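Chain by chain, the residues:
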Amino acid sequence: MTEIIVVTSGKGGVGKTTTAASLAAGLARRGKRVAVIDFDIGLRNLDLIMGCERRVVYDFVNVIQGDCTLRQALIKDKRLDNLFVLAASQTRDKEALSVEGVRRVLDELTADGFDYIICDSPAGIEKGAYLAMYFADRAIVVVNPEVSSVRDSDRILGLLASKTLRAEQGNGGVQEHLLLTRYSPRRVAAGEMLSVADVREILGLEVLGVVPESADVLSASNAGSPVILNAESIASHAYEDAVGRLLGEELPLRFVDEPKKGFFARMFGS
């Protein structure tokens with residue numbers, strides 16, 4: 001059975017697209033058939049992070065408007081045979097999307113046997129974000145551990161509880177998860193950043209994953225490769241844990257405490 005997951009947030013620049021790309025790649029590496037869709041019409045960043053920007057011929061809007069078939073627009077990942085990308089349009093605006101058009105695309109992906117459809121939402125509460133979450137079974141709310149990001153995400157939770165198909169049908173609503181990005185235990189200890197417990201208490205969600213602050217994330221984006229594919233990166237390990245939890249594994253949270261210094265580091269201050 002196909003599961004539709006929206007990756008969303010109330011604030012831009014928190015790592016939604018990085019998260020959508022890494023979760024999609026992580027699920028595909030575990031043998032799942034995955035499609036990841038960029039709903040950020042007019043900007044289009046997902047194809048850059050996935051490293052397929054030069055292969056975009058048709059996009060999401062082309063499919064909705066009947067300019068091409070879905071199969072023509074889907075881009076098969078070069079690294080993972082069971083991972084496909086549907087890029088956003090750079091030349092249209094979000095008004096080109098419609099509820100019925102999005103429904104048709106999701107229904108066709110479902111009929112084609114995809115296990116997971118990842119919807120990479122634009123930030124905020126405008127039309128693209130609303131349509132990205134409307135058909136979702138699960139939502140991953142991406143938050144930086146700082147006050148404005150958490151506050152804006154609280155508004156998204158309100159929309160998930162009231163403006164989705166599951167909410168309208170009254171069949172349990174969208175299952176919500178919290179994923180923290182750019183987390184720094186050192187800054188938490190210094191009082192410069194909210195802790196995992198703080199964010200969990202404010203938003204009332206269980207934590208799917210904690211992704212530590214890492215230069216590897218930017219490097220991976222610039223290289224056109226989801227950071228989860230960099231086995232040497234702690235960010236990769238954090239996203240791999242999040243994928244495991246999505247699939248029902250019980251895993252302890254890592255990267256939430258500052259590493260203890262060894263004897264020589266304490267002696268010489270390094």
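Description of the structure in this document.

Definitions and cut-offs
- Residues numbered from 1 in each chain as written.
- Predicted model: local features only at pLDDT ≥ 70, side-chain atom pairs only at ≥ 80, totals over all residues.
- Heavy atoms only, no water.
- Core = buried A, V, L, I, M, F, W, Y, C linked by side-chain atoms within 4.5 Å.
- Buried < 20%, exposed > 50% of the residue type's maximum accessible area, 1.4 Å probe, protein only.
- Helix = DSSP H or I, 4+ residues; strand = E, 2+ residues; numbered from the N terminus.
- Contact = heavy atoms within 4.5 Å.
- Pairing = 2+ DSSP bridges.
- Expected span 1.5 Å × (residues − 1).

Section: the nonpolar core
- The biggest cluster of nonpolar side chains holds 51 residues, and the ones touching the most others in it are Ile37, Phe39, Phe60, Leu86, Val105 and Leu109.
- No other element matches the five residues that helix 7 (residues 147-162) contributes to this core.
- If we ignore the near neighbours within four places in the chain, the residues touching Val105 are Ile37, Phe60, Val63, Ile64, Leu70 and Leu86.
- Of all hydrophobic cores here, the second largest spans 38 residues; its members include Val7, Ala25, Cys52 and Val85.

Some words on the pairing of strand 6 (residues 138-143)
- Extensive coverage of strand 6 is indicated by the burial of six of its six residues.
- What you see with strand 6 is no split at all: Arg138, Ile140 and Val142 on one side and Ala139, Val141 and Val143 on the other are buried throughout.
- Alignment of strand 1 (residues 3-8) against strand 6, held across four bridges, turns out to be parallel. Looking at the pairing, Ile5 lines up with Arg138 of strand 6.

Things to note about the sheet that holds strand 6
- The mixed open sheet is built from eight strands, whose spatial order is 3-4-2-5-1-6-7-8. Each edge of the sheet is formed by a strand with only one pairing partner; in this case those strands are strand 3 (75-76) and strand 8 (207-212).
- Sheet topology places strand 2 (residues 34-38) next to strand 4 (residues 83-86); four bridges connect them, and they run parallel. The residue of strand 4 that forms the bridge with Ala35 is Phe84.

Structural notes on helix 1 (residues 16-29)
- Taking 1.5 Å per residue, 14 residues should reach 20 Å; helix 1 reaches 20 Å between its end C-alpha atoms and fits that length.
- Within helix 1, 13 of the 14 residues are buried, leaving the element largely enclosed by the surrounding structure.
- Remark: Gly31 follows helix 1 within two positions and exhibits a positive phi of approximately 90°.

Bear in mind that shape data such as this cannot, by itself, settle questions of function.
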